[in-house]
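The primary structure of each chain is shown beneath.
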Amino acid sequence: MTMVSRPSRTELRQRATRLRLREVAHGLILQQGVDGTTIQQITDGADIGFGTFYNYYATKEALAQDVLDCLIHNTGERNDRITEALGETDPVRIVANSVRFVVREMVHNPIYRWWFEHIDLLVDRMRVGFGPFGLRDIRNAVDAGEYHLIADDHRLAWSQLVWMMAVGAQDIIRGVHTIDDERCMVEGVLRVMGVDHAHAHAACDTDLPVVPDLPVDFSFGLDD
């Protein structure tokens, strides 16, 4: 029988401090952006000493990345709830709805604005954070015979999809396209995945429901 060791008091205190740092940083970045938020503001809000911050994070940006990872995981879970609420079973429509939801989140949540200026970093976090959700949906679409991928490479297809989502949302934010172009953009994503024209076009006509509320779990990944 394997014995599971309990965390020490020090470990529990460190976990609680890291959780507070994430929560406080999220609130500040939401209002002021990453560049407008200082480490001093974060440590004051978390009620810890300025120097203590560096026991947990090398930079403010490293903390911002943890916050982003929590938001990405939350978006993935909320997206699954949308699929459940719609009772959707068509794997192509599921991906279409998922991409539309993620793009809307990135366009409307101000926390993503700084990350769009560092889009390579954003794509890296999206690729990892949305990976369990996205790769599952790609696999289901392939198994249903709806996706036709080059060399049957799921991870390559996933990487391409993430880049298309991120750049599509960035173009909307920069005014290159408008949010009204969302469905055309998603149709293009589906066609790159090998979905035929008629099915890709029809899959983008769903009216998405009100996004379900789900508090962000800022403890995400702390116990890994």
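Predicted, not measured: the structure shown is a model, and the values here were computed from it. (Residues numbered from 1 in each chain as written. Predicted model: local features only at pLDDT ≥ 70, side-chain atom pairs only at ≥ 80, totals over all residues. Heavy atoms only, no water.)

Peer 1: Could you give an account of the packing of aromatic side chains, with specific residues and numbers?
Peer 2: This model, assessed by the stated rule, comprises four aromatic pairs. With 5.9 Å between their ring centres and 65° between their planes, F50 and Y54 make a pair best called edge-to-face. Residue classification places Y54 among the partly exposed residues on the basis of a relative accessible area of 42%. Judged by centre distance (5.9 Å) and plane angle (40°), the rings of F53 and Y57 are tilted. Grouped by ring-pair contacts, the aromatic residues F50, F53, Y54 and Y57 constitute a single cluster. Stacked on the ring of Y57, the Lys or Arg R18 has its end atom at 5.0 Å from the ring centre. (Phe/Tyr/Trp six-rings, centres within 6.5 Å; stacked < 30°, edge-to-face > 60°. Buried < 20%, exposed > 50% of the residue type's maximum accessible area, 1.4 Å probe, protein only. Lys NZ or Arg CZ within 6 Å of the ring centre and 35° of its normal.)

Peer 1: Go over the side chain of R93 with me, naming the residues and quoting the values.
Peer 2: Its place among the elements puts R93 in helix α4 (residues 91-108). The class of R93 is buried, set by a relative accessible area of 19%. At a separation of 2.9 Å, a polar atom in the side chain of R93 contacts the side chain of T206. If we ignore the near neighbours within four places in the chain, the residues touching R93 are E88, A202, A203, D205 and T206. (Helix = DSSP H or I, 4+ residues; strand = E, 2+ residues; numbered from the N terminus. Polar contact = N/O pair within 3.5 Å; in protein donor to acceptor, adjacent residues only side chain to side chain. Contact = heavy atoms within 4.5 Å.)

Peer 1: Got a sec to walk through the environment of F218? Specific residues and values, please.
Peer 2: By secondary structure assignment, the location of F218 is in the segment after α10 (197-202). Overall, F218 belongs to the buried group, its relative accessible area being 10%. In sequence terms F218 and D137 are 81 residues apart; their C-alpha atoms lie 25 Å from each other. Excluding its chain neighbours within four sequence positions, the residues that come into contact with F218 are L19, R22, E23, H26, V67 and C70.

Peer 1: Pulling in residues and values, what's your account of the confidence of the model for the chain?
Peer 2: Interpretation of the predicted coordinates at a detailed level should be avoided for regions scoring low in pLDDT. Averaged over the chain, the pLDDT score is 93; the fraction of residues at 70 or greater is 98%. The lowest-confidence element of the chain is helix α9 (residues 182-192), averaging 91 in pLDDT; the highest-confidence one is helix α2 (residues 39-46), averaging 98. (pLDDT = per-residue confidence, 0-100.)

Peer 1: Give a description of the packing of helix α6 (residues 119-129) against helix α8 (residues 154-174) that names residues and reports values.
Peer 2: Think of two packed helices as two axes; the pair is described by the angle between the axes and how far apart they sit. As a packed pair, α6 and α8 sit with axes 10 Å apart at the nearest point and diverge in direction by 130°. It follows from the interaxial angle that α6 and α8 lie oblique. For the crossing formed where α6 meets α8, the hand is right-handed. Contacts between α6 and α8 involve I119, D120, V123, M126 and R127 from the first element and W158, S159, V162, W163, M165, A166, V167 and Q170 from the second. (Axes fitted to C-alpha atoms, helices over the stretch in contact; angles between N-to-C directions. Parallel < 35°, antiparallel > 145°, perpendicular 65-115°, else oblique. Left-handed = near helix turned anticlockwise from the far one by under 90°.)

Peer 1: Can you lay out the packing of α4 against α9 for me, pointing to particular residues and giving the numbers?
Peer 2: Where α4 meets α9, the closest approach of the two axes is 10 Å, and the angle between their N-to-C directions is 130°. Classified by the angle between their axes, α4 and α9 sit oblique to one another. In the packing of α4 onto α9, the handedness of the crossing is right-handed. Along its contact with α4, which presents V92, V95, A96, V99, R100, V103 and R104, the element α9 presents E182, R183, M185, V186 and L190. Classifying every residue of the contact of α4 with α9 gives eight nonpolar, no polar and four charged. (Nonpolar A, V, L, I, M, F, W, Y, C, P; charged D, E, K, R; others polar.)

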